[in-house]
2 protein chains.
Amino acid sequence: MKRFMLLVFALSSVVVFATCLAAESTDPLPSWNNGAIKQAIIAFVQTTTDKSNPKFVPPAERIATFDQDGTLWVEHPMYSQVVYCLDRLPAVVKAKPELAKVEPFKTVLSGNREAIAKLSMDDLFKILAATLTGMSIDKFRAEAQKWLDTAKNPRWNRPYTELTYLPMEELLKYLRANGYKTWIVTGSGQDFVRVYSERIYGIPPEQVVGTANGTKYGYHQDGKPFLTKEPRLLLNNNGAGKPEGIHLMIGRRPYAAFGNSTGDRQMLEYTKAGDGVRLAMLVLHDDAKREYAYGPALGLPDAKVGKFTQALYDEAKKQGWIVISMKRDWKRIFNFKSQ
Amino acid sequence: MKRFMLLVFALSSVVVFATCLAAESTDPLPSWNNGAIKQAIIAFVQTTTDKSNPKFVPPAERIATFDQDGTLWVEHPMYSQVVYCLDRLPAVVKAKPELAKVEPFKTVLSGNREAIAKLSMDDLFKILAATLTGMSIDKFRAEAQKWLDTAKNPRWNRPYTELTYLPMEELLKYLRANGYKTWIVTGSGQDFVRVYSERIYGIPPEQVVGTANGTKYGYHQDGKPFLTKEPRLLLNNNGAGKPEGIHLMIGRRPYAAFGNSTGDRQMLEYTKAGDGVRLAMLVLHDDAKREYAYGPALGLPDAKVGKFTQALYDEAKKQGWIVISMKRDWKRIFNFKSQ
């Protein structure tokens, strides 16, 4: 009997050892090319989750925040939410025909792409307000879902929700597997991103911080309560608004933050200003062939989206933020087989 | 060898079976008296977590929201946050002596309890703004923590953080053990409650929704960024503000909601208006001996805190909200041994 038990013990040990080996040899980030960037991510995770390391971070404090447009999915040449709003405008104008006669709606309805591309931020805000507010949150969700199910990005001829970056999906999963709570912190509308964040990123609605308007509580005729989306801006979650939004919705400073533009500068700054080891990373869009290349940091013309200025590039170097080159660091860009 | 393995298998089965029995016979709510209320809670949890039940709720959607003052801890005769603000006022006036000459600060500094008790809501807002804003969030946290560590409730001569209701602590744990994410949804200040929520309720800061002011991002002289608490109100998280706050911060409708006053009416209404099984409960303070008895629903004078009006009582009956009687349903009120 004793010998049998020893045998069982020995066999179990072999199994456990083999499992450990297998786990160690499984690459958590297979779509990332080996190199300094991938190593920096792995070192950060190992350091902060190793109890014997003085830089260990307790599980409850493991917060990682991700910008969305240009960081988790394609933003060029136009944010998906803006495409959605432009697509929705005809239906809005049908319900309120007086809008067709005033700017900026007149320009959008003209279909003149050059003129649409020149619309100012103020114009865009008017379009967002007209298309995203003044309806119940249930109706908003249903409309957005319908669009996501049918609309396609013209370059790849695929739903927008398939244009997520595979390396970043792996990074989200890797962080979560190591006890990090992953959050989206986006300049896009909180309600819009929440419609798909759980399905495409595994990030639940309560972990999406975005630009948010107020809602108003009221009652249907049958007495059932509902919330109406109002044009009143509560949180402009961009630039300095990102740390403010993080404080409002999370209440802790992130240990890791990921962005791709000047709108993420303060979030990265705020993250790095904390104690211990903090990770701040910026995605540089320098892959014209597989995705896009744009921005002054590459000597290219400024884009309407995701400004990556020379100043941001310089600050990244100075502050120890890590710049991810899509071209150099990502083995694959998307999950679909087009590459 | 075969016989030995059979024996191991048989023994393991006994152990597993015994463990199951032990688990089944462990009461998850030992401080609740047996009866309809306790049964209703257990039935709700069993129904929504049983995969074979048509009312099953997927884990991701299991959201339970709790009012704090009067629902999770003592609110009478004054909300703890108000006590904190009144306690802090002398230090604030020392830094800004001009306040001593104007109302409502003059009244508070006079120490005249009757006059203080008569202050209006507007006056209270002025006191909250003066004592809770205009400082960095780090400084605010340190000050609040210092107060919590030293201040004592005069009736029980214990720190305020010990005046939590044991039956509600058990309920929080029971829900969490069954996959529910527990949230505080309070009219008190979000930042204030976040200082202690994790330690005393096991609820992390990111699951505290409270009345919230804006913050402003800025820099210390050494270039380090910080957030300043501003008097600008973002979310008045009371009454209709509770469903609005839930939408802003959670983005899903709760399956269970717990309150104790008219300020929780809309949260309970919104919760119950969802599909499937939803649980809405109100704590009635009817135990003058072990805690307090107050409110018109008991034929008692109205209190400054936690209004439980006759209208609320009637609506609870009509809507199927369950009223918890502290006197009848709670075996023990507190964790400490004074009863």
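Parameters at a glance
- Residues numbered from 1 in each chain as written.
- Chains lettered and ligands numbered in written order.
- Predicted model: local features only at pLDDT ≥ 70, side-chain atom pairs only at ≥ 80, totals over all residues.
- Heavy atoms only, no water.
- Helix = DSSP H or I, 4+ residues; strand = E, 2+ residues; numbered from the N terminus.
- Contact = heavy atoms within 4.5 Å.
- Buried area = accessible area lost by both parts, 1.4 Å probe.
- Salt bridge = Lys/Arg side-chain N within 4 Å of Asp/Glu carboxyl O.
- Polar contact = N/O pair within 3.5 Å; in protein donor to acceptor, adjacent residues only side chain to side chain.
- Nonpolar A, V, L, I, M, F, W, Y, C, P; charged D, E, K, R; others polar.
- Pairing = 2+ DSSP bridges.
- Axes fitted to C-alpha atoms, helices over the stretch in contact; angles between N-to-C directions.
- Buried < 20%, exposed > 50% of the residue type's maximum accessible area, 1.4 Å probe, protein only.
- Least-squares fit on C-alpha atoms with pLDDT ≥ 70 in both.

(A) Quick peek at unusual backbone geometry. A cis geometry characterises the amide bond from His76 of chain A onward to Pro77 of chain A, with omega recorded as 0°. Position of Pro77 of chain A among the secondary structure elements: in the loop between β1 (63-66) and α3 (80-95). The omega torsion of the bond from Glu103 of chain B to Pro104 of chain B falls at 0°, within 30 degrees of zero and hence cis. Look at Asn157 of chain B: it is not a glycine, yet its phi comes out positive at around 55°.

(B) Broad picture of the interface of chain B and chain A. The interface is formed by 42 residues belonging to chain B together with 42 residues belonging to chain A. Taken over both partners, the interface formed by chain B and chain A buries close to 3,600 Å², and the fraction arising from carbon and sulfur atoms is 55%. The interface formed by chain B and chain A holds six salt bridges in total. Note that Lys181 of chain B is salt-bridged to Glu206 of chain A, the shortest N-O span being 2.9 Å. Where chain B packs against chain A, one counts 30 residue pairs in polar contact (both at pLDDT 80 or more). The set of elements that each furnish at least two residues to the side of chain B that touches chain A consists of α1 (2-25), α7 (137-150), β4 (181-189), α9 (190-201), β5 (208-219), β6 (225-235), α10 (241-249) and α11 (265-272) of chain B. Of the residues belonging to the side of chain B that touches chain A, the class tally is 22 nonpolar, six polar and 14 charged.

(C) Structural detail: the sheet that holds strand β7 (residues 256-259) of chain A. Residues and elements named next belong to chain A. Strands sit in the order β6-β5-β4-β1-β7-β8-β9 across an open sheet of seven strands; the sheet is mixed. Two strands close off the open sheet at either side, each with one partner strand: β6 (225-235) and β9 (322-325). Going across the sheet, the axis of each strand differs from the next one's by a mean of 35°, ignoring polarity. Here β7 pairs with strand β8 (residues 279-284) via four bridges, running parallel. Each residue of the ladder has a partner; that of Phe258, found in β8, is Met281. Running over the sheet, helix α9 (residues 190-201) touches β4 (181-189), β5 (208-219) and β6 and is turned about 145° from β4.

(D) Focus on the side chain of Ser31 of chain B. All names here are of chain B. With respect to the element layout, Ser31 can be found in the loop between α1 and α2 (36-49). Side-chain polar atoms of Ser31 contact the side chain of Glu170, separated by 2.6 Å. In this structure Ser31 touches Leu166, Pro167, Glu170, Asp329, Trp330, Lys331 and Arg332, once residues within four positions along its chain are discounted.

(E) Just the environment of Lys289 of chain B, in detail. Residues and elements named next belong to chain B. In this structure, Lys289 sits in the loop between β8 (279-284) and α12 (310-319). Exposure remark for Lys289: the relative accessible area of 76% places this residue in the exposed category. A sequence separation of 38 residues divides Lys289 from Lys327, and the C-alpha atoms of the two residues are 8.9 Å apart.

(F) Local environment of the relation of the copies chain B and chain A. Superposing chain B onto chain A takes a rotation of 180° plus a shift of 0.0 Å along the axis, which leaves an RMSD of 0.0 Å. In short, the pair behaves as if placed about a two-fold rotation axis. When the interface residues of chain B are mapped onto chain A, 100% of them again lie at the interface, so the same face is used by both copies.

(G) Looking closely at the sheet that holds β4 of chain B. Residue and element names in this part refer to chain B. Pairing is mixed in the open sheet, where seven strands are placed in the order β6-β5-β4-β1-β7-β8-β9. Edge strands, defined here as strands with exactly one partner in the open sheet, are β6 and β9 (322-325). Strand-to-strand, the axes of this sheet are offset by a mean angle of 35°, without reference to chain direction. Set on the sheet, α2 makes contact with β7 (256-259), β8 and β9; between it and β9 the angle comes to about 130°. α9 contacts β4, β5 and β6 of the sheet and is inclined by roughly 145° relative to β4.

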